[in-house]
Amino acid sequence: PEKIPEYASQLDTYVEAYRQRFSSSAAQGTGGHIEGIVYDGDVVWKKDQGGERGWKELSFLRWAAEDAHCRHIVPSLIGYRRTDDVGHIGMENLLAGLKLPSFVDVK
């Protein structure tokens, strides 16, 4: 019985650590492009990679928007914007509204 307060304190610590793993800020994104992605409700703004790579990504999203087979697996192209001379590609946030979203970026 004398250990119960110690165990209760440890349990509180573990519960808080577990909850932090699934906080909304932690679920917003991970991976190699985290600094170049802005979540804005139903839209994800991804920093334009520039050059041929950026052009290919934008072209693919435009093509996928017209292909019926891609509509539910490829985000819709929302638009393109420049802020402080940095371009961003806007695409549909397919995970908007989900409590614990996960995704895979397949190359």
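In this text the structure is predicted, and so the values were computed from the model without any measurement.

(A) Seen up close, the pairing of strand β2 (residues 43-47). Across the five residues that make up β2, a large majority, four, are buried. Where strand β1 (residues 37-40) lies against β2, four bridges are found, and the strand directions are antiparallel. Looking at the pairing, D40 lines up with V43 of β2. Looking at chain direction, β2 and strand β4 (residues 86-92) are connected through five bridges and run antiparallel.

(B) Just the sheet that holds β1, in detail. Here four strands make up an open sheet; going across it, the order is β1-β2-β4-β3 and the pairing antiparallel. Each end of this open sheet is capped by a strand with a single partner; those strands are β1 and β3 (77-83). Along the sheet, successive strands turn relative to each other by an average axial angle of 25°, direction set aside. Each of β2, β3 and β4 touches helix α3 (residues 51-65); the most contacted strand, β4, lies at about 25° to it.

What counts, and where the lines are drawn
- Residues numbered from 1 in each chain as written.
- Predicted model: local features only at pLDDT ≥ 70, side-chain atom pairs only at ≥ 80, totals over all residues.
- Heavy atoms only, no water.
- Buried < 20%, exposed > 50% of the residue type's maximum accessible area, 1.4 Å probe, protein only.
- Helix = DSSP H or I, 4+ residues; strand = E, 2+ residues; numbered from the N terminus.
- Pairing = 2+ DSSP bridges.
- Axes fitted to C-alpha atoms, helices over the stretch in contact; angles between N-to-C directions.
- Contact = heavy atoms within 4.5 Å.

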